[in-house]
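# Secondary and tertiary structure notes
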Amino acid sequence: MDIIHTTSYEALSQEAATYIAKQVRSNPSIVLGLATGSTPTGMYKHLLKDHIINKTSYGSVTTFNLDEYIGLHKTDPNSYYAFMEKHLFQHINIQKDNIFIPDGLAVQLDNECKSYEEKLNTHGPIDIQVLGLGENGHIGFNEPGTAFNSRTHVVELTASTRNANARFFKDTADVPSHALTMGIASIMGAKEIILLVAGKNKAKAFEQLLYGEISENFPASVLKKHPCVKIIADSTVLGKSSIIA
Ligand code: F6R
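These notes cover the structure that comes with them. (Residues numbered from 1 in each chain as written. Predicted model: local features only at pLDDT ≥ 70, side-chain atom pairs only at ≥ 80, totals over all residues. Heavy atoms only, no water.)

### Some thoughts on helix α2 (residues 41-53)
Convention followed: Here a strand is any run of E in DSSP of at least two residues, a helix any run of H or I of at least four, and the numbering for each starts at the N terminus. Expected helix span is computed as 1.5 Å times (number of residues minus one). Per-residue accessibility, obtained with a 1.4 Å probe over protein chains only, is compared with the maximum for each type, and a residue is labelled buried under 20%, exposed over 50%, and partly exposed between these values. Note on contacts: a residue pair qualifies if any of its non-hydrogen atoms lie within 4.5 Å across the two residues.
Between its first and last C-alpha, α2 extends 19 Å over 13 residues, near the 18 Å set by a 1.5 Å rise per residue. Residues of α2 that are buried: Gly42, Met43, Tyr44, His46, Leu47, Leu48, Asp50 and His51. Structurally, α2 contributes buried residues whose contacts are with α1 (9-26), β2 (31-34), α3 (80-87), β6 (128-132) and β9 (192-197). Lys55 sits one or two residues past α2 and shows a positive phi near 60 degrees.

In structure tokens:
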């Protein structure tokens, strides 16, 4: 795993966006795996700037999102569909048909999982998968204990994850109890993975990722087995300001 230690969240966001925009320009039909949450929002902001300034085109880009809450309509501001629209999709020239996000309102959730994997097979593999890190080590919504060979599945969110995400909702009780998520094996199928880690609240998880053992009890540890992982961390995570690269 390569670690790029940036001096601030802003620098982390810029670093990630610059890298992704460069890859999009060199491979216009790239397949991107995208994450939601607080960590990648700065990166999306910089991708929008780049789209305007450098005219990076998303006309042939395909995207797959990691996950979606079950039970929220696309128009619900807390759905990940709405998040992606707000932070990225409505601002760039991506084609609607090239955007894939699990459908949290599907009646047959198992079929939705199967169909998402089929789409990944048809349009994939993902060239670059962007990930955030959960405080409990989750990636996507793969909570501790998830099998490393898991594919897209329905998950019951842990209290830790629901509490961490409650800041987006009026009340913790409003945070959906279940979600659809790409599995660990689906994520590991990406050719390259970029893990963004920012904020003091991630310091413990980051330390465990670096120094802990590879275990299903700490999902992100699986990344040590991937041949091409770049971690971009900010200074609050390591408490230093040099670039390790
Ligand atoms: C989001 C996702 C989650 C988040 C993680 C960190 O699509 O899959 O794994 O990346 O919960 O969230 P933030 O960035 O809000 O701290």
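The discussion continues.
### A look at the packing of aromatic side chains
Stated precisely, the cut-off is as follows: Each Phe, Tyr or Trp ring, with Trp reduced to its six-membered ring, pairs with another whose centre is within 6.5 Å; inter-plane angles below 30 degrees give stacked pairs, above 60 give edge-to-face pairs, and intermediate values give tilted ones. Think of it as a cone above the ring: NZ of Lys or CZ of Arg counts as a charge over the ring if it is within 6 Å of the ring centre and within 35 degrees of the ring normal.
Per the counting criterion, the structure on display carries seven aromatic pairs. Plain terms: the ring middles of Phe64 and Tyr116 are 5.6 Å apart, the flat faces sit at 75 degrees to each other, and that makes the pair edge-to-face. Of this pair, Phe64 sits in strand β3 (residues 62-65) while Tyr116 sits in helix α4 (residues 109-123), placing them 52 residues apart in sequence. The pair formed by Phe64 and Tyr116 is uniform in burial state, with each residue classed as buried. With a centroid separation of 4.8 Å and an interplanar angle of 45 degrees, the aromatic rings of Tyr69 and Tyr80 are classed as tilted. Here Tyr69 is found in strand β4 (residues 67-69), whereas its partner Tyr80 is found in helix α3, with eleven residues between them in sequence. For the pair Tyr69 and Tyr80, a shared accessibility class is recorded, and that class is buried. Taken together, the ring pairs connect Tyr69, Tyr80, Phe141 and Phe169 into an aromatic cluster. The ring of Tyr81 carries Lys74 above its face, with NZ or CZ at 4.7 Å from the centroid.

### A look at the sheet that holds strand β8 (residues 178-181)
Pairing between the strands of a sheet comes from backbone hydrogen bonds, and it takes one of two forms, parallel or antiparallel. Test applied: Pairing between strands is defined by DSSP: at least two bridges between them are needed. Helix axes use the C-alpha atoms of the stretch in contact, all axes being lines fitted to C-alpha atoms, and the angles between their N-to-C directions lie in the range 0 to 180 degrees.
Taken in spatial order, the three strands make up an open sheet running β4-β8-β7, and their pairing is antiparallel. Strands with a single pairing partner mark the edges of an open sheet, and in this sheet they are β4 and β7 (153-156). Shown here is a sheet whose adjacent strand axes are inclined to one another by a mean of 25 degrees, direction ignored. Taken together, the three bridges between β4 and β8 define a ladder with antiparallel strand orientation. Directly across from Asp67, in β8, lies its bridge partner Thr181.

### Notes on the packing of α1 against α2
For the record, the criterion: In what follows, roughly perpendicular refers to angles from 65 to 115 degrees, roughly parallel to angles under 35, roughly antiparallel to angles over 145, and oblique to any angle outside these ranges. By convention, the crossing between two helices is left-handed when the near helix turns anticlockwise from the far helix through less than a right angle, and right-handed when the turn is clockwise. Ten residues, namely Ala, Val, Leu, Ile, Met, Phe, Trp, Tyr, Cys and Pro, are considered nonpolar, four, namely Asp, Glu, Lys and Arg, are considered charged, and the remaining ones, Gly among them, are considered polar.
Relative to each other, α1 and α2 sit at 50 degrees, their axes nearing to 8 Å. Classified by the angle their axes make, α1 and α2 are oblique. Every pair of crossing elements has a handedness; the one defined by α1 and α2 is right-handed. Where α1 abuts α2, its residues Tyr9, Glu10, Ser13, Gln14, Ala16, Ala17, Ile20, Ala21 and Arg25 lie against Thr41, Gly42, Met43, Lys45, His46, Leu47 and Asp50. Residue classes in the contact of α1 with α2 are distributed as seven nonpolar, five polar and four charged.

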